[in-house]
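# Structural overview for review
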Amino acid sequence: MTVMPHRHSHVLATWHKAGTTEVEQAIQAALAAHSDWASRSFEDRAAVFLRAAELMATTRRDEVNAATMLNQSKTAHQSEIDAVCEAIDFLRFNVHFAERIYRDQPFSPAGTWNRMDYRPLEGFIFAVTPFNFTAIASNLPSAPALMGNTVVWKCASATVYSNYIMARIFEEAGLPPGVINFVPGDAEAISAAALRHRDLGGIHFTGSTEVFQGMWRTVGENIASYRSYPRVVGETGGKDFLIAHASADTAAVATAVVRGGFEFQGQKCSALSRLYVPDTMWPRLRDRLVDTLPSIRMGDVADFTNFMGAVIDARAYQKISGYIEAAKNSTDVSVVAGGESDDSVGYFIRPTLLQAKQPDYRTMREEIFGPVVTVYVYPEKEWTATLHLVDRATPYALTGAIFANDRKAVSEAGEALRYAAGNFYINDKPTGAVVGQQPFGGARASGTNDKAGSMMNLLRWVTPRTIKETFVPPTDYRYPFMNSE
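Every residue gets a number counted from 1 within its own chain, in the order that chain's sequence is written. The model is predicted, so local features are restricted to residues of pLDDT at least 70 and side-chain atom pairs to those at 80 or more, both for listing and for counting; the totals for chains, interfaces and linings are taken over all residues. The side-chain numbers reported here are obtained from all heavy atoms of the structure, hydrogens and water having been left aside.

As a further point, take the packing of helix H2 (residues 42-57) against helix H6 (residues 160-172). Each pair of packed helices can be described by the angle between their axes along with the distance between the axes. For helices, the fitted axis covers only the stretch in contact; all axes are lines through C-alpha atoms, and the angles between them, taken along N-to-C directions, range from 0 to 180 degrees. Each helix is a run of DSSP H or I of at least 4 residues and each strand a run of E of at least 2, with the numbering of both proceeding from the N terminus. Two elements in contact, H2 and H6, have axes whose closest approach is 8 Å; the angle formed by their N-to-C orientations is 125°. If you check the angle between H2 and H6, you find them oblique. Considering the relative orientation of H2 and H6, their crossing is right-handed. Touching Val48, Phe49, Arg51, Ala52, Leu55 and Met56 of H2 are Met166, Ile169, Phe170 and Glu172, all from H6. Gly is placed with the polar residues, together with every amino acid not listed as nonpolar (Ala, Val, Leu, Ile, Met, Phe, Trp, Tyr, Cys and Pro) or charged (Asp, Glu, Lys and Arg). Considered class by class, the residues forming the contact of H2 with H6 number eight nonpolar, no polar and two charged. With respect to orientation, any angle under 35 degrees is reported as roughly parallel, any angle over 145 as roughly antiparallel, any angle of 65 to 115 as roughly perpendicular, and every other angle as oblique. Two helices that cross are described as forming a left-handed crossing if the nearer one is turned anticlockwise from the farther one by less than a right angle, and a right-handed crossing if clockwise. The contact rule is simple, with two residues in contact once any of their heavy atoms fall within 4.5 Å.

What follows is the structure, given as structure tokens:
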């Protein structure tokens, strides 16, 4: 069943889990459709996804928006920028970027014609999508399909309802059967069948670091049995930071903390989770946040005055509230604001601000994926040392932000934190990347940094063939220099 997170007694949909038989059927459907879909012109493929974008922008807009609000407990604002605007941008910008790829052709000197044939990968693409963004759920299967691949799509079990609507929109837009095969079900069973199949051509993944590493491990163990080396593309966890310099505007930092840390209940891979503030700023920032956080409205997302909804399900609720309860009982951290939770009607957790005495407390290192931000107050004179601390504090490197009005501090942070974040923000919150403006992705334990919503990502779904045609081939093996005269 799929339920509303903010009213878990309300069942949105019932659905059937795909088993081994259904997964094999989906793989065979993808393989059977591959030849026809790959041989179609780019214009034919692009037209399907451009039409899907137009459907989302017009006749299906309200349906997609409402489904995401109800299924993921997103406010109208969060749903609009995700399920509608970003999903449309992915589809339209991918067509634009693909056109640029196909136009990129090698130089041809006189007498020859050199060209690149951007072939889709052999086999099928296994797309595994997360619960938190409907746009990501639509992009992970559609980006490879645009480039001529066929796909087996495993969506998050918590969001089958909204994702199924996206699958139906692709179908309505004219996507042929077998190109994108929607198979919700048990993740372990589906992955076991897909990852060990000899025709696995690639993986397009967004989710936890642990799951992605397990998938990569399985691919490595089976590497000799595949038709070709699978492409492995993944965006995984994050422990996203904001470091404030003493010259930063306190009000701007406070707004970035609230929006970056608590919008959509902190369930963004880019959400602010660890905050570094100089001791000279902390009293002012603390007082502002202590005043602000209790005023944040949360509840049913159908009430447009609410800033927050509920976390996605009972498992997430238990994990996040477990971190908060542990903090309440620890001498190493204190609860500055928030800390309350209630799952009687929905999975609600108040926005919570913790203060850690040491920078290595667990909520400064471990991904929580909920509305919990932990601050570490550093001595202002230790600015440079704190930059290095931010870089080393976690294994992740997804997003991060620096707030400063001192340009020298901005430059110093940019250099010290060059590898700490794939998306780096200056005087802005570390969330809200826009397709076509800030290609998204990180490295280290945060993924392969193939930048969704860019040419870099689309290039991963083609295997180029170089073609050289000689118009007048030689008819004598001897070169002119070999003449004796």
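Our focus in this paragraph is the packing of aromatic side chains. Pairing of aromatic rings covers Phe, Tyr and Trp, the last counted by its six-membered ring, and requires centre-to-centre distances within 6.5 Å; plane angles under 30 degrees mean stacked, over 60 mean edge-to-face, and any other angle means tilted. For the coordinates displayed, the defined rule picks out eleven aromatic pairs. With a centroid separation of 5.8 Å and an interplanar angle of 75°, the aromatic rings of Phe49 and Phe170 are classed as edge-to-face. Remark: Phe170 occurs in helix H6 and Phe49 occurs in helix H2; sequence separation between them is 121 residues. Relative accessible area serves as the criterion here: at 1%, Phe49 is assigned to the buried category. Residue burial is assigned from relative accessible area. The probe radius is 1.4 Å, only protein chains are included, and a residue is buried under 20% of its type maximum, exposed over 50%, and partly exposed in between.

Attention now moves to helix H3 (residues 61-72). For H3, with twelve residues, the first-to-last C-alpha span of 16 Å sits near the 16 Å given by 1.5 Å per residue. Along H3, the residues that are buried comprise Val64, Asn65, Ala67, Thr68, Met69, Asn71 and Gln72. For H3, the elements touching its buried residues are strand E1 (2-4), strand E2 (7-13), helix H4 (76-103), helix H5 (134-146) and H6. Looking at the residues trailing H3, positive phi occurs at Ser73, about 55°. Expected span of a helix, by definition, is 1.5 Å for each gap between consecutive residues, and there is one gap fewer than residues.

Should their charged atoms come close, side chains of opposite charge can pair. When a carboxyl oxygen of Asp or Glu lies within 4 Å of a side-chain nitrogen of Lys or Arg, that pair is called a salt bridge. Evaluated as defined, the whole model comprises 19 salt bridges. Linking Lys328 and Glu325 is a salt bridge whose minimum nitrogen-to-oxygen distance equals 3.2 Å. Of this pair, Lys328 and Glu325 are both found in helix H11 (residues 314-328), three residues apart, which corresponds to roughly one turn of the helix. The residue Arg444 makes a salt bridge to Asp391 at a minimum N-O spacing of 3.1 Å. Placement of the pair is Arg444 in strand E19 (residues 443-444) and Asp391 in helix H12 (residues 383-392), with a sequence separation of 53 residues. Taking relative accessible area as the criterion, Asp391 reaches 18% and is therefore assigned buried. Within the structure, one salt-bridge network assembled from shared partners comprises Arg60, Glu63 and Glu172.

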